[in-house]
Amino acid sequence: MATKAFSAIAGAVTALALALAVGIPLTPTPAAAQNRTAPPAELKQITNDLYFFYEFTGSNAVFMVTDEGVLVIDTRTHPRPGQALLDMIRKITDKPIKWVINSHFHGDHHFGNAPFKATGATFVAQAETARLMQHVQAKEMARRIDGFKNQGLDPNEVKLVLPDVTFDTNMTIKLGGREVRLMYFGPGQQAGDTFIAFPHARALFTPGAFGKRSMPNMAFTPSVDSWVKLLEQVAAMDVDRILPAHGDVATRADVKELAAMLADEYAIVKDAVAKGMNVDDAVKTLTFPQYKDWRNYNRLAGEIRALYELIQTGKRSYLD
Ligand SMILES: [Zn+2]
C-alpha cells in the first residue's frame, strides 16, 4: 500500500516538500495494477496549506495543515489505507488532527475513520449522512467485501465511527486563521452530500455528487432534477479549483459538463419509460455512445435500472 512507498521517500523533509509540490507518485493498489490506464496514487499540494490525496482506483481525501492543527476530509475505504493517509499527514506535520469531516455516507469515504478517531479528532458530518452511515452500514460493507479481499484488507477491522457533531445546512470551522465552510444544498447523488469551501485557497471539495467525466451511481438520488440544479449552482460558485471525492482535480466547467450529462441521460431514460419500454429492452437499446469514453460507462446497465426504479416507483430500495 501507499505507506511503504511514502516512507521510502520520506528521508529528507525538504526533498519531500519539493516532491509534494510536483506531486509524488505513490504505490498503485493491486486494482490499479490490473488497470493499466489507472494512474498511481498521488499526493498533490494545492496551496501552501492544502493537500489533495488522489487515488483513481479508490477514493480521495483532502487535508489542511495549520499551526493550530489539521483538518481532514474523508478517510478512505478501510482503517489500513486510513492509517496510511494519517502517516502521510504525519510526514508533513506533527500538529494535532483537530477535525475530520465525512462528506457522504459511502463506506469508501469513512471506513478509514478508526485511526483518526484514535488521535482524538472531532468528527463532523451532515445529519442525513450520520443517519445513513448507521442505516446502511451492512449494505456498504457487503458491496465492498470483494474489493477488500482483492486488496488483502480484513473486513473485520472496519469499525463504524460516527460523527461527534452534525449540522443541517451550514457549518463554519475556524482553524489556524482560516475558515472552512461546510454546505448542504439538499440531496444530489444522495441525501447528505456535503460541499466544503476553502475560501482562502479559492478551492471547493465536492462529494459523490461530482466526478469529472464519470457516470455516477444512480441508486441513491431522490431527484435527478435537484441533482442537476445543485451542480449548476456549484458550477456558478466563485472558486478556481474543484477537489472531488473521486477523480482528479477539476474545474467548474467539468461540473457543468456532468450536469449536462445527467440531464441528458435522465431525459432519455424518462422518455423510454413514458413510451412504455420495459427495463430489459431499455438496457439493450439505450447505449449512450456519446459517453462511451467516460469513466464507469461499464456500469450503464445498472444505472438505467436504478433510474427505472426511481421514475417508476419513486423508491430507492438501497436505502430501505
Ligand atoms: Zn466513493
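Structure first, text after, so check above.
Before going into details, it helps to say that this report is about the structure given with it. Since the structure is predicted, the reported quantities are computational estimates derived from the model, not experimental observations. (Residues numbered from 1 in each chain as written. Predicted model: local features only at pLDDT ≥ 70, side-chain atom pairs only at ≥ 80, totals over all residues. Heavy atoms only, no water.)

1. Let's talk about the packing of helix α10 (residues 252–274) against helix α12 (residues 300–313)
Basically, it comes down to this: Each axis is a line fitted through C-alpha atoms, taken for helices only over the stretch in contact, and angles between the N-to-C directions span 0 to 180 degrees. Every helix listed is a DSSP run of H or I at least four residues long, and every strand listed is a run of E at least two residues long, numbered separately from the N terminus. Left-handed describes a crossing in which the near helix is turned anticlockwise from the far one by less than a right angle; the clockwise case is right-handed. The contact rule is simple, with two residues in contact once any of their heavy atoms fall within 4.5 Å. Throughout this entry, Asp, Glu, Lys and Arg are counted as charged residues, while Ala, Val, Leu, Ile, Met, Phe, Trp, Tyr, Cys and Pro are counted as nonpolar. The remaining residues, Gly among them, count as polar.
It is at 10 Å that the axes of α10 and α12 come closest, and there the two elements cross at 60°. Like other packed secondary-structure pairs, α10 and α12 cross with a definite hand, here right-handed. Judged by residue contacts, Glu-265, Tyr-266, Val-269, Lys-270, Ala-272 and Val-273 of α10 engage Leu-300, Glu-303, Ile-304, Leu-307, Tyr-308, Ile-311 and Gln-312 from α12. Split into classes, the residues belonging to the contact of α10 with α12 amount to 9 nonpolar, 1 polar and 3 charged.

2. Focus on the pattern of salt bridges
Close approach of charged atoms allows side chains with opposite charge to pair. Our working rule: Just to be clear on terms, a salt bridge is a Lys or Arg side-chain nitrogen sitting within 4 Å of an Asp or Glu carboxyl oxygen. The classification of residues rests on relative accessible area computed with a 1.4 Å probe and restricted to protein chains. Under 20% of the type maximum is buried, over 50% is exposed, and intermediate values are partly exposed.
Inspection of every chain in the model, using the stated rule, returns 19 salt bridges. In this structure, the salt-bridge partner of Arg-76 is Glu-55, at a minimum N-O distance of 3.0 Å. Residue Arg-76 is found in the loop between β5 (70–73) and α4 (79–92), and its partner Glu-55 is found in the loop between β3 (50–54) and β4 (61–65); the two are separated by 21 residues along the sequence. A relative accessible area of 2% means that Arg-76 is categorised as buried. Taken together, the shared-partner salt bridges connect Asp-108, Glu-140, Arg-143 and Arg-144 into one network.

3. Examining α10
Our working definition: The span one expects for a helix is its residue count, reduced by one, times 1.5 Å.
Over its 23 residues, α10 extends 33 Å from the first C-alpha to the last, a length consistent with the 33 Å expected when each residue adds 1.5 Å. Looking only at α10, the buried set comprises Asp-254, Val-255, Leu-258, Ala-259, Met-261, Leu-262, Glu-265, Tyr-266, Val-269, Ala-272 and Val-273. Of the surrounding secondary structure, the elements contacted by the buried residues of α10 are α9 (224–235), β13 (241–244) and α12. Two residues or fewer past α10, Gly-276 is found with a positive phi of approximately 85°.

4. Topic: the coordination of the zinc ion
The condition is simple: For Na, K and Ca the donor cutoff is 3.2 Å, while for all other metals N, O and S atoms count as donors only within 2.8 Å; water does not appear among the atoms, so some sites may look incomplete.
For the zinc ion, every protein donor is listed as Asp-108 (OD), His-109 (NE2) and His-246 (NE2), and the spread of their distances is 2.0 to 2.1 Å. When the donor residues of the zinc ion are listed from N- to C-terminus, their spacing reads D-H-x136-H. Each member of the pair Asp-108 and His-109 is classed as buried.

5. What to know about the environment of Ile-268
Relative to the assigned elements, Ile-268 resides in helix α10. Measuring from C-alpha to C-alpha, the distance between Ile-268 and Leu-286 comes to 8.1 Å, with 18 residues separating the pair along the chain. Residue contacts for Ile-268: discarding those within four places in its chain leaves Leu-286, Phe-288 and Gln-290.

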